[in-house]
Amino acid sequence: MRYKALVVREEENGGFLRSIEQLDTDHLPDNDVLIRVHYSALNYKDALSATGHKGITRQFPHTPGIDAAGEVISDRAKLFHPGQQVLVTSYDLGMNTAGGFGEYIRVPAEWVIPLPEGMTLRRAMILGTAGFTAALALHKMEQSGQKPEMGPVLVTGSTGGVGTMALMLLKKAGYQTIASTGKPEHAAFLRKLGADEIQPRSEWVDESNKPFLKTRCAGAIDTVGGKTLSTILKSAGLNANIAVCGLVDQPEFSTTVYPFIIKGNNLLGVESATCDRLTRMHLWNALATHWTIDYPEEAVQEVDLQTLNELCIPQILAGQAKGRVLLKHEI
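In what follows, the accompanying structure is described. Keep in mind that what you see is a predicted model, and the values were worked out from it rather than measured.

1. Brief notes about the sheet that holds strand E9 (residues 177-181)
Step number 1: Read from one edge of the open sheet, six strands run E10-E9-E8-E11-E12-E13, paired in parallel fashion. Because the sheet does not close on itself, it has two edges, and the strands there are strand E10 (197-200) and strand E13 (266-269). Taken over all neighbouring pairs, the strand axes of this sheet differ in orientation by 20 degrees on average, direction set aside.
Step number 2: Packed onto the sheet, helix H2 (residues 121-143) meets strand E8 (153-155), strand E11 (217-222), strand E12 (236-244) and E13 and runs at close to 145 degrees relative to E11.
Step number 3: Relative to the sheet, helix H3 (residues 161-172) contacts E8, E9 and E11, its axis offset from that of E8 by approximately 160 degrees.

Shown next, in the form of structure tokens:
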């Protein structure tokens with residue numbers, strides 16, 4: 001079958017060129033499940049892949065898109081039936097396996113999750129990897145003892161994909177929230193998402209050598225890393241859980257052992273790409289039931305492949321994106 005996809009090609013001069021091409025499903029990877037993609041979503045990782053970042057995608061030509069939701073066309077593993085609505089997020093999709101920026105994908109059966117009852121394909125992709133990552137962060141925090149009555153939870157990088165989802169999810173789960181941001185002009189948007197308090201990003205960058213600071217949060221979902229993460233560890237209360245799922249600032253950070261041996265704090269790594277399938281299904285079902293969050297429709301931009309390529313990818317790379325960019329394929 002012929003289909004349209006955004007294709008990134010490496011040129012002889014070392015540059016990269018992306019364009020919308022007509023491809024054939026016979027050239028998709030030799031995996032079990034062929035899916036017709038209805039929706040995908042734009043993530044920062046997709047934009048990096050679309051510009052030839054070899055740390056994300058090693059071999060070109062390539063079709064990005066780490067999120068995909070659609071209907072099964074065929075399944076050699078016989079776990080899914082034709083027409084069944086499913087979603088795929090994370091794993092190697094859109095990195096080194098042709099992703100959701102194509103109208104068809106072919107992936108291993110174990111990557112595929114049945115669409116939870118009560119959730120639409122569109123809403124699944126509004127959540128996407130960002131929503132799943134936020135859910136996994138909160139899940140790990142609560143497994144380690146985090147409770148709303150402990151106090152406010154800080155969300156850093158709060159206008160980003162994971163940050164916005166984390167604010168909404170924490171609010172839904174009954175937590176008081178603090179949003180840290182370097183974009184004060186988005187304060188009204190953050191309050192609508194569920195921020196009880198908004199603080200400048202600069203307030204969470206401590207330059208002192210003090211092992212502890214005044215307690216300011218009971219836990220955190222951090223997408224920034226660097227000095228921000230170091231400051232959170234100094235400022236978190238007793239038995240606080242800090243879930244780490246990003247490095248917007250930088251990957252390195254410095255700390256002492258004191259927050260761990262005196263305050264009993266937990267530093268939790270959140271790696272959504274290889275999360276086991278049972279946990280993945282559990283969290284997607286939670287997002288369809290008691291953790292349901294209604295992302296503001298006015299913050300969702302629904303686009304076609306051409307707009308995604310020409311406008312949205314440059315915007316997210318320039319730090320100008322706000323809300324969610326949803327790719328809707330022609331069906």
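2. Comments concerning the packing of H2 against H3
Step number 1: Interhelical geometry of H2 versus H3 gives an angle of 55 degrees and a closest axis separation of 8 Å. Taken together, the axes of H2 and H3 lie oblique to each other. Crossing handedness for the pair H2 and H3: right-handed. Contacts between H2 and H3 pair Ile-126, Leu-127, Ala-130, Gly-131, Thr-133, Ala-134, Ala-135 and Leu-138 from the former with Gly-161, Val-162, Met-165, Ala-166, Leu-169 and Leu-170 from the latter.

3. Focus: the packing of aromatic side chains
Step number 1: The tally for this structure, following the rule as stated, stands at five aromatic pairs.
Step number 2: When the centroid spacing of 6.3 Å and the interplanar angle of 50 degrees are considered together, the rings of Phe-212 and Tyr-258 count as tilted. Here the residue Phe-212 occupies a position in the loop between E10 and E11, and Tyr-258 occupies one in helix H6 (residues 258-261), the gap between them amounting to 46 residues.
Step number 3: Overall, the relative accessible area of 25% leaves Phe-212 in the partly exposed class.
Step number 4: Assessed through its relative accessible area of 39%, Tyr-258 is described here as partly exposed.
Step number 5: Here the basic side chain of Arg-216 rests over the ring of Trp-204, its NZ or CZ set 4.0 Å away from the ring centre.

Cut-off values and rules
- Residues numbered from 1 in each chain as written.
- Predicted model: local features only at pLDDT ≥ 70, side-chain atom pairs only at ≥ 80, totals over all residues.
- Heavy atoms only, no water.
- Pairing = 2+ DSSP bridges.
- Helix = DSSP H or I, 4+ residues; strand = E, 2+ residues; numbered from the N terminus.
- Axes fitted to C-alpha atoms, helices over the stretch in contact; angles between N-to-C directions.
- Contact = heavy atoms within 4.5 Å.
- Parallel < 35°, antiparallel > 145°, perpendicular 65-115°, else oblique.
- Left-handed = near helix turned anticlockwise from the far one by under 90°.
- Phe/Tyr/Trp six-rings, centres within 6.5 Å; stacked < 30°, edge-to-face > 60°.
- Buried < 20%, exposed > 50% of the residue type's maximum accessible area, 1.4 Å probe, protein only.
- Lys NZ or Arg CZ within 6 Å of the ring centre and 35° of its normal.

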